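Descriptive analysis of the structure
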Amino acid sequence: MIGKLQGVVDYIGDGFVILMVSGVGYKVFTPDTLSLRETVALWIETVVREDSIRLFGFKTLAGQNLFVQLTGVSGVGPRGALSILNTLPTDTLMSAIATGDAKTITAAPGVGKKVAEKIILELKNKIAGNAFNFDATADTGGSALPDLLAALESLGYRRLDIVDMAQKLVAANPDADVARLVPLALKEISGNK
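Thresholds, definitions, all that
- One numbering rule holds for all chains: residues counted from 1, following each sequence as written.
- Reporting of local features is limited, given that this is a predicted model, to residues whose pLDDT is at least 70; pairs of side-chain atoms are given and counted only at 80 or more, and all residues count toward the totals for whole chains, interfaces and linings.
- To obtain the side-chain values, all non-hydrogen atoms of the structure were used and water was disregarded.
- Put simply, DSSP marks the helices as runs of H or I at least four residues long and the strands as runs of E at least two long, and each gets a number from the N terminus on.
- Each residue gets one of three labels from its accessible area relative to the maximum for its type: buried under 20%, exposed over 50%, partly exposed in between, using a 1.4 Å probe on protein chains only.
- The contact criterion used throughout is that any non-hydrogen atoms of two residues lie within 4.5 Å.
- Here the accessible surface of atoms and residues is derived via Shrake-Rupley with a 1.4 Å probe, and residues count as covered only by protein chains that are part of the display.
- Whenever a helix is involved, its axis is fitted only over the stretch in contact; in every case the axis is a line through C-alpha atoms, and angles between N-to-C directions fall within 0 to 180 degrees.
- Orientation labels follow simple angle bins: below 35 degrees gives roughly parallel, above 145 gives roughly antiparallel, 65 to 115 gives roughly perpendicular, and whatever is left gives oblique.
- By definition, any crossing whose near helix is turned counterclockwise from its far helix by less than a right angle is left-handed, and any crossing with a clockwise turn is right-handed.
- Each residue is assigned to one class: nonpolar for Ala, Val, Leu, Ile, Met, Phe, Trp, Tyr, Cys and Pro, charged for Asp, Glu, Lys and Arg, and polar for all the others, Gly among them.
- Polar contacts, as counted here, are pairs of nitrogen or oxygen atoms within 3.5 Å of one another; within protein the pair requires one atom able to donate a hydrogen and one able to accept it, and residues that are adjacent in sequence qualify only if both atoms are side-chain atoms.
- A pair of aromatic rings is counted whenever rings of Phe, Tyr or Trp (Trp by its six-membered ring) have centres within 6.5 Å, and the orientation is called stacked for planes under 30 degrees apart, edge-to-face for over 60 and tilted otherwise.
- Definition used: whenever NZ (Lys) or CZ (Arg) falls within 6 Å of the ring centre and also within 35 degrees of the ring normal, the charge is taken to sit over that ring.
- Side-chain atoms within 4.5 Å link the members of a nonpolar core, which is a set of buried Ala, Val, Leu, Ile, Met, Phe, Trp, Tyr and Cys residues.
- Here a strand pair is declared whenever DSSP counts at least two bridges between the two strands.

Some thoughts on the overall build of the protein chain
Broken down by element type, the protein chain carries eight helices and five strands. Ordered by position from the N terminus, the helices and strands of the protein chain form the series β-β-β-β-β-α-α-α-α-α-α-α-α. Taking the principal axes of its C-alpha atoms as reference, the protein chain extends roughly 60 × 35 × 30 Å. In the protein chain, which comprises 193 residues, the share counted as buried stands at 40%. Across the protein chain, contacts joining residues at least 24 apart in sequence account for 51% of those joining residues at least 6 apart. A total of about 10,400 Å² of accessible surface is found on the protein chain, and carbon and sulfur atoms cover 52% of it.

Put into structure tokens, the structure is as follows:
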């Protein structure tokens, strides 16, 4: 099995790159943004099917581990896992799983509520067990995070645009309630425009 490839990005396609390694071009599907002629090292996950062998590459070992865990969930194949990882940053996805936030996961194309709930059900304990090199001791806010997200969404903000900021606010203010967090969030949002 191929564990890691280091080479030069020779071609960028739709969801894949051709990585030149010692004169051999490997077609590697990746959620990571790469540049033409960039030298990269990618952790490789090989998926063998009856009719194909595909290589999936990740800049980080945590990204590869998350891909493996996602494809282990029934109903989530390599394309679905790649779609999720293309849409959601690794930390956001792991936090959504840990907090049971199915709505954030459904932001990925092709992922419905049932699949998102299945991902949470099957992977939540693994997140808590630190299977993804995720800091399970980091407090994502218990009930404050979902309430803050709901409040901001009711004001018209898209969840994908606010989830990272909301997580950081809740972690920085662990004892604050939603009434205190909403003005802080609005101030943060207005400062970013």
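Section: the packing of helix H6 (residues 144-154) against helix H8 (residues 178-191)
Two elements in contact, H6 and H8, have axes whose closest approach is 10 Å; the angle formed by their N-to-C orientations is 55 degrees. Between H6 and H8, the crossing angle belongs to the class labelled oblique. As H6 runs across H8, the sense of the crossing is right-handed. Of the residues in H8, those touching H6 at Ala-144, Asp-147, Leu-148, Ala-151 and Leu-152 are Val-178, Leu-181, Val-182, Ala-185, Leu-186 and Ile-189. Within the contact of H6 with H8, the residues separate by chemical class into ten nonpolar, no polar and one charged.

Focus on unusual backbone geometry
Not every positive phi belongs to a glycine, and Ser-22 is a case in point at roughly 50 degrees. One non-glycine residue with positive phi stands out, namely Arg-37, at about 70 degrees. Within the secondary structure, Arg-37 is located in the loop between strand E3 (24-29) and strand E4 (39-48).

A closer look at the environment of Thr-92
Summarising the element assignment, Thr-92 is placed in helix H3 (residues 90-99). Accessibility expressed as a relative area gives 1% for Thr-92, which makes it buried. If we ignore the near neighbours within four places in the chain, the residues touching Thr-92 are Thr-104, Val-163, Asp-164 and Gln-167. There is a polar contact of 2.4 Å between the side chain of Thr-92 and the side chain of Asp-164.

Side note on the packing of aromatic side chains
Under the criterion given, the structure shown has five aromatic pairs. Among the aromatic residues, those joined into a ring-pair cluster are Tyr-11, Phe-16, Phe-29, Phe-56, Phe-58 and Phe-67. Here Lys-27 stacks its cationic end above the ring of Phe-16, 4.4 Å away from the centre of that ring.

Quick notes on the nonpolar core
Leu-70, Ile-84, Leu-93, Ile-105 and Ile-119 are the most contacted members of the largest nonpolar core, which totals 28 residues. For this core, the secondary structure elements donating two or more residues are strand E5 (53-58), helix H1 (61-71), helix H2 (78-87), H3, helix H4 (102-105) and helix H5 (113-128). In contact with Ile-105, other than residues within four places in its own chain, are Leu-88, Leu-93, Ala-96, Ile-97, Val-111, Ala-116, Ile-119 and Ile-120. If you look at the next biggest cluster of nonpolar residues, it comprises 17 residues, including Ala-144, Met-165, Ala-166 and Val-182.

Here we look at the pairing of E3
In this sheet, E3 lies alongside strand E2 (residues 16-21) in antiparallel orientation, the contact comprising six bridges. When the sheet's bridge partners are listed, Phe-16 is paired in E3 with Phe-29. Strand direction decides the pairing type here: E3 and E5, joined by two bridges, are parallel. Each bridged residue has a counterpart across the sheet, and for Phe-29 the counterpart in E5 is Phe-56.

Focus on the environment of Val-24
Inspection of the secondary structure puts Val-24 in strand E3. Looking at Val-24, the relative accessible area reads 40%, which means it is partly exposed. Spatially, the C-alpha atom of Val-24 lies 36 Å from that of Ala-107, the residues being 83 residues apart in sequence.

Some words on the sheet that holds E4
With mixed pairing, five strands are arranged side by side around a closed barrel as E1-E2-E3-E5-E4. Across this sheet, the average inter-strand angle for adjacent strands is 55 degrees, counted without regard to direction. Along the sheet, H1 contacts E4 and E5; its crossing angle with E4, the most-contacted strand, is approximately 15 degrees.

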